[in-house]
Every structure is written in structure tokens, then in C-alpha cells.
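# A structural walkthrough
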Amino acid sequence: MTRCYNFCAGPASLPESVLQIARDDMLDWHGKGLSLMEMSHRSPEVVGVAEHAEQTLRNLLGISDDYAVLFLQGGASTQFSAVPLNLLGDKGRADYVNTGEWSKKAIAEGQRYGEVNVVATAKDTNFTTIPPQQSWQLGADPAYLHYIGNETIGGVEFFWTPQVHVPLVVDMSSTILSRPINVADYGVIYAGAQKNIGPAGLTLVIVRRDLLGRAHPLCPAMLNWKIAADNDSMYNTPPTFALYLAALVFDWLVEQGGLTAMEVVNRRKAQKLYSAINGSGFYSNPVELASRSLMNVPFILANADLDKQFLQESEAAGLLNLKGHRSVGGMRASIYNAVSEAAVDALIAFMQDFEQRNG
Ligand SMILES: *Cc1c(COP(=O)(O)O)cnc(C)c1O
């Protein structure tokens, strides 16, 4: 068996040791004579897995009891609706920052339910920058401020926390668990699992408990965070197998030394790749230096006619899924937690060789 290096933006690479445990557990989970997938979500086994997942995640991120941890479905995109439905309340308006493709989707969904004030947009720089907070036009008394912690498509990441006096709501789909964060800075943190947590089908919401109970009367029960919290994320059948895999990923992160250790490795991986790009006259990344994502590294070739050849040859070399998002073109290397430093080294070696032959 040969496992390739996978740079997919999502669903993304998973730690090999996690997949091996899942393989060994597949037919007979812990001697119970059946797969975890085949067990009731009300069984002590599955409830135990869910509790272990939550506790390990709380330890990793330092989540206090002031926050509920919800394991939901529907992806981050469903939270684009759930956020306004749960938080707009009587105010009916909210602030949003526009730093790219995912911001635009969140804004469009927010506009269906209330009044959206876009405090700043990076449109002028084609979404290669993060407008500094001094330039933001904050709204009058918004219910919350929403932003995308890392624009997965554009490769633009916040390395600072907006300072506002309203609940801060952040989509951390592609950056959660890549480095430590201060959960207490936020009202709500949400993330689809398939980038840095586990397989698709699971969505994480971390919400400050005092924000529960404000949902719009027409908010579907399945999108209502309070109902989810009151039912330990088991109001209906949760994605049990995805949750089990996420728990294994959380255990793996603990083994790696937690998020401080992950940050060291992630910074080193990103720094290597960006310096290889910067140091070449052939590859380039358009994002301002201070906002270059540690997780998603888009880059273009000096000659776009070579894109197809680059992708064919990289794939043949066992470096998969380097094609950039269709909206921006070029290439993108997603280097999440489970993408090893060896994978990044192999990518850099390939890029340098390709440049030498074609540059
Ligand atoms: C991938 C992604 C989404 C969409 O996630 P789904 O789980 O597919 O809905 C939303 N926001 C960000 C930042 C993403 O990276």
C-alpha cells in the first residue's frame, strides 16, 4: 500500500494512525461484536465516545464551562443560516467582515434574515488583504460581528482578534486546532469538520451559554443551538461515526503535544513553503505578508499554460489535489495538521524540480 501526500482543501488528509485504528475497530469495536457505526446513539458506548470527544476538545482548546460544545450536521454552510437565526434577536442587524468567498456566502445568508452591515471589504485588493480594524465602519448596536478566521480559497488568515463590544462570531472551518486560541474572546466559534477535525458530516459549534435562548421563533429545531445544547447534541441521530473519528483525531493531537506543538510544526511547514515560493521567480502568492494563511497556500505559476502539466506531473509524483479553487485558478496546497512536514518537503522539492525543467 502506498499512501500519497494529499493537499486537498477538504475533505482533507487524516492522520494515518487514526485511519489504522478505525480500520482495526471497523468490524468489532472494542470486543462488542459490532461496528460503532451499527450502535444506537443512545448506547453507553456511543455516548461515551461523544463525551470523550467533547472532553478532549475542551482540554485541547481550553474551553470553559461557560461554553456549550455542540456536534451538529449540515456543515459550516448551515451555520451561515444558524448564526443569524440564533443570534439576531430583537436587534435584527449584524456586522460582517468581507474577506473573500466564504465571507460573501455568510453575508448573503445573513441578509435573508436581517440587516447586514458590511464593516469592511477587501474587494479593492481582490481579497488578498485583511482591512485593518481602524478602517472598519462598525454598525450601531449590532447583535454580533461575524468574520471568517481563514479564507480557505484565498489563503487569507486573521492573526489578530477583532476588538468589539458585541459577541464575536467566527468561522474557523479551516484553521481550528491549527494553533491555540483564546476561546473567551468569542461568542461563537464554528467549523465544518472536514478540514482540520475529521471526516465530512460533522460540524462543531462552540457557543457561550448566555447566547443560547435567543433564537427566532421560526428557527428550525435542528438549527437551534439551545435545543442542541439541552439534548447533548442528540436531539436527533448525530453523525456517530464522524464523531468517533473526530475523537480519534483529538486523541492524536494530544499525543502530538497539543495545539502549542501543532503551531510550531504548522508555522515551520508554512514558512518553508512560502519561502520556496518567494525565493522563486516562477511561483507567486498574491496575499499580503501579514495575512498569509498557515493552512491554505494558493500559488500561481509564471506561465498558466503549464498548469495542466504541473498538475499531471505532481499527481504522478504522489502529490495529490494541488489544483486551486475554480474561482481563483492556479494551485493551492492545503497543509492542515494531518499533512506532515515530509509532505511539504516533497512538494517543495517537486516545485523546484519543475521550475528547473520549465522555468
Ligand atoms: C469549507 C468551508 C466552508 C463550507 O463548509 P461546509 O462544511 O462544506 O459547509 C465554510 N467556511 C469555510 C471557512 C470553509 O473553509
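Note: the structure precedes this text.
Since we're looking at a predicted model, the values are computed, not measured.

### Quick look at the overall build of the protein chain
What the protein chain contains, in helices and strands, is nine helices and 14 strands. Relative to its length of 359 residues, the protein chain is compact, with a C-alpha radius of gyration of 21 Å against a globular reference of 21 Å. Projecting the C-alpha coordinates of the protein chain onto the three principal axes gives extents of approximately 60 × 60 × 30 Å. Relative to its full complement of 359 residues, the protein chain shows a buried share of 54%. Within the protein chain, contacts between residues at least 6 apart in sequence are counted, and of these 65% link residues at least 24 apart. As presented, the protein chain carries roughly 15,700 Å² of accessible surface, and 51% of it is formed by carbon and sulfur atoms.

### Quick word on the pairing of strand S4 (residues 115-121)
Across six bridges, strand S3 (residues 93-98) lies against S4 in parallel orientation. Bridge pairing links Val97 to Ala120 in S4. With helix H4 (residues 101-113) bridging S3 and its parallel neighbour S4, the resulting β-α-β unit is right-handed.

### So, the pairing of strand S14 (residues 331-334)
Along S14, one buried face is formed by Met331 and Ala333 and the opposite face, lined by Arg332 and Ser334, is buried too. Strand direction decides the pairing type here: strand S12 (residues 296-301) and S14, joined by four bridges, are antiparallel. Residue pairing in the sheet places Asn296 in a bridge with Ser334 of S14.

### What to know about the side chain of Lys195
Residue placement: Lys195 occurs in the loop between strand S9 (188-192) and strand S10 (203-208). At 7.1 Å, Asp171 is the nearest oppositely charged side chain to Lys195, a buried residue that forms no salt bridge. Apart from residues lying up to four places away in sequence, Lys195 is in contact with Ala9, Gly10, Ala12, Ser173, Ser174 and Tyr336.

### Structural notes on the site of the ligand
Inspection of the region around the ligand gives 13 residues, with Ser77, Thr152, Asp171, Gln194 and Lys195 positioned closest. Measuring from an oxygen atom of the ligand, one finds a backbone N or O atom of Ala76 at 3.0 Å. Between Gln194 and the ligand, the recorded distance is 2.9 Å, taken from a side-chain N or O atom to an oxygen atom. Relative to its free-state accessible area of 390 Å², the ligand is covered by the protein chains to the extent of 87%. No other element matches the four residues that helix H3 (residues 75-87) contributes to the shell around the ligand. Grouping the amino acids of the shell around the ligand by side-chain chemistry returns four nonpolar, seven polar and two charged.

### Some thoughts on helix H2 (residues 44-61)
The end-to-end C-alpha separation of H2 is 25 Å, in line with the 26 Å expected for 18 residues at 1.5 Å each. Turning to H2, its buried residues number three or more, namely Val46, Val49, Ala50, Ala53, Thr56, Leu57, Arg58, Leu60 and Leu61. Buried residues in H2 make contact with strand S2 (67-72), S10, helix H6 (240-255) and helix H7 (258-278). Among the residues trailing H2, Gly62 stands out with phi positive, at a value near 65°.

About the cut-offs
- Residues numbered from 1 in each chain as written.
- Predicted model: local features only at pLDDT ≥ 70, side-chain atom pairs only at ≥ 80, totals over all residues.
- Heavy atoms only, no water.
- Helix = DSSP H or I, 4+ residues; strand = E, 2+ residues; numbered from the N terminus.
- Rg over C-alpha atoms; globule rule 2.2 N^0.38 Å.
- Buried < 20%, exposed > 50% of the residue type's maximum accessible area, 1.4 Å probe, protein only.
- Contact = heavy atoms within 4.5 Å.
- Areas by Shrake-Rupley, 256 points an atom, 1.4 Å probe, with all protein chains shown as cover.
- Pairing = 2+ DSSP bridges.
- Right-handed = clockwise from strand over helix to strand, strands pointing away.
- Lys, Arg positive; Asp, Glu negative; His and termini not counted.
- Salt bridge = Lys/Arg side-chain N within 4 Å of Asp/Glu carboxyl O.
- Near = heavy atom within 4 Å.
- Polar contact = N/O pair within 3.5 Å; in protein donor to acceptor, adjacent residues only side chain to side chain.
- Nonpolar A, V, L, I, M, F, W, Y, C, P; charged D, E, K, R; others polar.
- Expected span 1.5 Å × (residues − 1).

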